[in-house]
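# Report on the structure
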Amino acid sequence: MNILPRSGKEGASRLELFTTAPYVAVVVFALAMLTIVWMLQTQEELVERNALGRDVQWAERTMRTHFVTNEDFLNELTRDIASGTVDADTFQLRTNQYLANNPELLNVVWIDASGKVRWTAPFDTTDWLPGDAMTPEQGQVARHAREIGRAAYGQPYRGASGSALVEVFIPVQRGRSPWGMVAAVYSVDGLLHHLVPSWFSDKYRLVLTDGNGEPLASNATSTNATDSSLSSLIVFDPPGNGLALRATAFRGEAELPSALPVSLIIGLSVLVFWSLWAQRGHMLRRIKVEKERDRIFNLSLDVLCTMTLDGHYRRLNPAFERILGYAADDMVGRQLLELVHPDDLDSAREQMRLLAEGRPATFEARMKCADDRYKWLVWSANPVPGERVIYAVAHNVTDRKAAEDAWRAESAFRKAMEESVLTGLRATDMKGRIIYVNRAFCQLTGYSEEELVGIEEPFPYWPEDEIDQQRQHLIQSLSGEAPADGFELRIRRKDGSYGYSRLMVSPLVDAAGEQTGWMAAMSDITESKRIQAELGAAHERFVAVLDGLDTAVFVADVQSDAILYANRAFLADFGLDAIGRTTHSLALPQPELGDYPVDPRRLTAAQLPRELFDGELQHPISARWFHVRERATRWVDGRVVRMAVATDITDRKTVEELNRQQEERLQRTSRLITMGEMASTLAHELNQPLSAIANYSSGCVNRLQSGRYKPEELLVAMQKAAHQADRAGKIIRRIRDFVRKSEPQRGAVRLSDIVEDALGFAEIDARKHGARIDNRITPDLPPIFADRIMIEQVVLNLVKNGIESMKDSEEDRRVLTVTARVAEHTIEVSVLDHGHGISAEDREKLFNAFYTTKSDGMGMGLNICRSIIEFHNGRLWVDNNPEGGSIFRFTLPTEKALEQLVEPA
């Protein structure tokens, strides 16, 4: 069917319509997207302002509620003081508990009617001291509170530490008479950090200002920029006096510029315009390429075709009929495998399977012609799975395959002859470049045929120190002046070993009678040379080895004690005239006769060789240390001799002593670090008995001054103060014993006492983390022979690690158990926790120095623990807890076990 072309005007009109429509659509789409972006940005800004308003109102209500709650507590305290139900101890107890739960309050004091401070909390505050008087500004606020009969707040001011403070005064009335004043001090910084939740501080920059707008406190620790357009101000009443909170929203890190979406839309629109224009040009070029492709398809001398994924022809070019004799139209729909020779069918079928899977393939196959002959075709095919079609090219290689078969048969026969000989064969051209080597030559040199063929001198099997000599031999061979009996050469194999060979050279003549190079035959003579060389070099090697040692070696007759042989190191250290002299006439580090297990002079030849001595001795003059080893053996003339080897180990002994001293310093440093980590907790632990002592003493002084007291009451108070003083003293003595510098003092100690002292420290840390320690070690365990402080350091380190690992566990699982059991003359101690556990990767490196799983750890604690345990002949390791967590175990030998080890020595 013929398609009549449209008129020029109608075709141009339709083409203009088709090309213009996409541009109009792009413009409309860009305008619509710009409008949507503007609307979304406007809506987002409105939502953020509404969220800011809600958050600020919530923060205002929260902070105001805390102010009211604190005033209620202070009002209740004033009523109790007025009624006389609160004494100094009760005031301290109630107020300290409330301050601990409300950290925004720093101090609470009771001021009597004369304006003097009577009671103050906390006990150790330095801002309000008993007996201090109010300042004029404080007195003015106090009078105002008394006039209005309720709480009154003072102006914010800077304290001694530089932080902003606000005071509140509440009058105390007994009946209608003023009885004094209860005052509380707010930390402005504490108001900001304790009354505002963390999520609010992360979201907004918060600044507390006074009546003049000056900032008093801020959470501005973040480096994030703020958005000044999203800001709100809260004015507090109470406390009033202009105190206000300004909240400004942080600008998000991932926040994009508002102009970015507009820029993207405009840019994408320009890109679409450009792509449409490029596509138009591409379509014109494609039409031209398709015409050229059809011309190549029809005129190609190779078979070009397309097939389905299962191998059926879809289209064939005329070359198919020219090569195989089948009409191209008749083959459409038939399968390629129908014409493949049966012997090549399996291989062709495998390649077609790869093509069906979407992978390209190249294969050779014999194809049946229309006259029943077979021709070799090389197929190169590439599938396009998306189009479910295979594009293939086939080249006729029948003539080439016939020539290859003939050449292959001839080469196989010649190769078999060359590879069967044991003599290495090498052929070079007239310039000395290697053009052929056989298998035997490759075996002699250790290089493969690919590494040798094609290279020029110097050849890789030439020794580096004989290159000039080997080059001279090659020049003689290329000039035809090689000796009739050949050359004796030393070769360096690829593995670095050396060998000897004899090389015979003769001209290489081709079939036309022309010389094209030189043929060399190489025979291996390495074994014969080796046997000859070994016989002559045995003595030289022996002497060279001994003289090359830094260790002193000598041989002495056991009967006459005369030195028969000494190496160079011995002569340099103990005298060049030592040979012939007796060993006792020289200053040598040598054992006494009683140090030998047997008398060397009574040994017979049947008892040789025999170990005589192996130990460390000190030089009698230089005081240097030597490791001496002596053996009794036979000399070359049959005599019994002592052969001694003395190695200078002074430097090693010095390093060992330095390492021991450094290990002791590191252990003490670790104990100091442990005490540093627990400093704040120990200070709190000591503060409790000291506060109690001060309170009991102050109460006794007050009663003695008043004259209203009973001796038995004072006695009870002083007994309690003495008990608290003893408690504080024990804590201080325990710290001093733990961190003091001392040499290791091993002795018989009870494990239960060591663990009890270590847990005395650990209990403080356990209460801090809300954990409980279950000590199941009983006093009936046998004593161990150890340094008490070092083992206490190990137990404390393992227990602290277990407590810290359970900080994120559920409260009822924060139980750390310490157990011990006797096993095979040792005591095995286990520290079991229910923490996060240790991964297999961390467990392999856990005891390495400077390796830690803590963010603030040094990586030395467990390494020191293992060193301490190994110093005590024990072992430290870690296992997984089946209930979750880890179990650290270490063993220590009992005192009796160590005595059994010492006795055989």
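Computed from a predicted model, the values in this text were never measured in an experiment.

### Some remarks on the overall build of the chain
Counting its regular elements, the chain contains 23 helices and 32 strands. Counting over 905 residues, the chain shows a buried share of 38%. Counted over contacts in the chain with a minimum sequence separation of 6, partners at least 24 positions apart contribute 52%. When the accessible surface of the chain is split by element, carbon and sulfur atoms take 54% of a total near 52,600 Å².

### Comments concerning the pairing of strand 1 (residues 105-112)
With respect to burial, strand 1 is a largely interior element, seven of its eight residues being buried. The sheet contact formed by strand 1 and strand 6 (residues 177-187) spans seven bridges and is antiparallel. Across the sheet, residue leucine 105 finds its bridge partner in strand 6, namely tyrosine 186. Judged from the four bridges that link them, strand 1 and strand 2 (residues 117-121) form a sheet pairing that is antiparallel. Bridge pairing links valine 109 to threonine 120 in strand 2. Counting the residues in the hairpin turn of strand 1 and strand 2 gives four residues, including glycine 115, whose phi is positive at 90 degrees.

### Some points on the environment of leucine 546
Following the sequence through the fold, leucine 546 ends up in helix 14 (residues 526-547). Remark: the alpha-carbon pair of leucine 546 and asparagine 567, spanning 21 residues in sequence, is separated by 5.9 Å. Apart from the residues within four sequence positions on either side, leucine 546 is in contact with Tyr565 and Asn567.

### Some details on the confidence of the model for the chain
Per-residue confidence for the chain gives a mean pLDDT of 79; residues scoring 70 or more make up 83%. Note that pLDDT drops below 50 for residues 1-8; the model gives that stretch one contact with residues more than four away or on any other chain. Within the model, pLDDT remains below 50 along residues 900-905, and this stretch shows one contact once partners closer than five positions in the same chain are excluded.

### Here's the deal with the sheet that holds strand 13 (residues 361-368)
Sheet architecture is open: five strands sit in the order 12-11-15-14-13, paired in antiparallel fashion. Of all strands in the sheet, those with a lone pairing partner are strand 12 (313-316) and strand 13, marking the two edges. The average undirected angle you get between the axes of adjacent strands in this sheet is 30 degrees. Examined bridge by bridge, strand 14 (residues 374-384) and strand 15 (residues 389-396) share eight bridges and lie antiparallel to one another. Among the inter-strand pairings, valine 384 is bridged to a residue of strand 15, identified as valine 389. Strand contacts of helix 9 (residues 345-356): strand 13, strand 14 and strand 15, with the helix running at about 135 degrees to strand 13, the strand carrying the most contacts.

### Notes on the packing of aromatic side chains
Evaluated as defined, the whole model comprises eleven aromatic pairs. Ring geometry for tyrosine 153 and tyrosine 186: centres 6.4 Å apart, planes at 35 degrees, overall tilted. With tyrosine 153 in strand 3 (residues 152-153) and tyrosine 186 in strand 6, the pair connects residues that are 33 residues apart, well separated along the chain. Neither tyrosine 153 nor tyrosine 186 differs from the other in exposure class; each is buried. Taking the centre distance of 6.5 Å and the plane angle of 40 degrees together, the rings of phenylalanine 320 and tyrosine 326 count as tilted.

### Observations concerning unusual backbone geometry
Omega for the bond connecting alanine 121 with proline 122 falls within 30 degrees of zero, at 0 degrees, which places this linkage in the cis form. At the junction of glutamate 457 and proline 458, the peptide bond is cis and its omega measures out at 5 degrees in the coordinates. With respect to the helices and strands, the residue proline 458 is situated in the loop between helix 12 (449-452) and helix 13 (467-478). Backbone geometry at arginine 388 places phi at a positive 55 degrees, although glycine is not the residue there. Tracing the sequence through the fold places arginine 388 in the loop between strand 14 and strand 15.

### Description of a nonpolar patch on the surface
On the surface, a nonpolar cluster with roughly 520 Å² of combined accessible area is contributed by Leu260, Leu264, Leu268, Leu271 and Trp274. By secondary structure assignment, the location of tryptophan 274 is in helix 6 (residues 259-299).

### Details of the pairing of strand 19 (residues 498-509)
Two elements, strand 18 (residues 487-492) and strand 19, share six bridges in a ladder whose sense is antiparallel. The partner of arginine 490 across the bridge, within strand 19, is tyrosine 500. Between strand 18 and the antiparallel strand that follows it, strand 19, lie five residues; glycine 496 among them carries a positive phi value of about 95 degrees.

### Some words on the sheet that holds strand 22 (residues 563-566)
Taken together, the five strands give an open sheet; going across it, the order is 22-21-25-24-23, and neighbouring strands pair in antiparallel fashion. Unpaired on one side and paired on the other, strand 22 and strand 23 (610-618) mark the two borders of the sheet. For this sheet, the mean inter-axis angle between neighbouring strands, taken without regard to orientation, is 20 degrees. Pairing geometry for strand 21 (residues 552-557) and strand 25 (residues 640-648), over six bridges, is antiparallel.

### Re the side chain of asparagine 438
Within the element layout of this structure, asparagine 438 appears in the loop between strand 17 (434-437) and helix 11 (439-445). A polar atom in the side chain of asparagine 438 sits 3.1 Å from the backbone oxygen of threonine 423. Within polar-contact distance, the side chain of asparagine 438 engages the backbone nitrogen of phenylalanine 441 at 3.0 Å.

### Some details on helix 19 (residues 751-769)
Spanning 19 residues, helix 19 covers 26 Å between terminal C-alpha atoms, matching the ideal 27 Å at 1.5 Å per step. Within helix 19, the axis deviates most sharply at phenylalanine 761, by approximately 35 degrees. Of all the positions in helix 19, only Leu751, Ser752, Ile754, Val755, Ala758, Leu759, Gly760, Phe761, Ala762, Ile764, Asp765 and Ala766 are classed as buried. Residue glycine 770 follows helix 19 closely and has a positive phi angle near 70 degrees.

### A look at the nonpolar core
One finds Ile81 and Phe91 to be the most contacted residues of the largest nonpolar core, which totals 47 residues. Considering every element that reaches this core, the biggest residue donor is helix 1 (residues 8-83), with ten residues. The residues contacting isoleucine 81, other than those within four sequence positions of it, are Val86, Phe91, Trp110, Trp119, Val172, Arg174, Trp179 and Val182.

What counts and what doesn't
Residues numbered from 1 in each chain as written. Predicted model: local features only at pLDDT ≥ 70, side-chain atom pairs only at ≥ 80, totals over all residues. Heavy atoms only, no water. Helix = DSSP H or I, 4+ residues; strand = E, 2+ residues; numbered from the N terminus. Buried < 20%, exposed > 50% of the residue type's maximum accessible area, 1.4 Å probe, protein only. Contact = heavy atoms within 4.5 Å. Areas by Shrake-Rupley, 256 points an atom, 1.4 Å probe, with all protein chains shown as cover. Pairing = 2+ DSSP bridges. pLDDT = per-residue confidence, 0-100. Axes fitted to C-alpha atoms, helices over the stretch in contact; angles between N-to-C directions. Phe/Tyr/Trp six-rings, centres within 6.5 Å; stacked < 30°, edge-to-face > 60°. Patch = residues over 30% accessible without salt bridge, like charges linked within 9 Å, V, L, I, M, F, W, Y side chains within 5 Å. Salt bridge = Lys/Arg side-chain N within 4 Å of Asp/Glu carboxyl O. Polar contact = N/O pair within 3.5 Å; in protein donor to acceptor, adjacent residues only side chain to side chain. Expected span 1.5 Å × (residues − 1). Bend = angle between axes of the 7 residues up to and from the residue. Core = buried A, V, L, I, M, F, W, Y, C linked by side-chain atoms within 4.5 Å.

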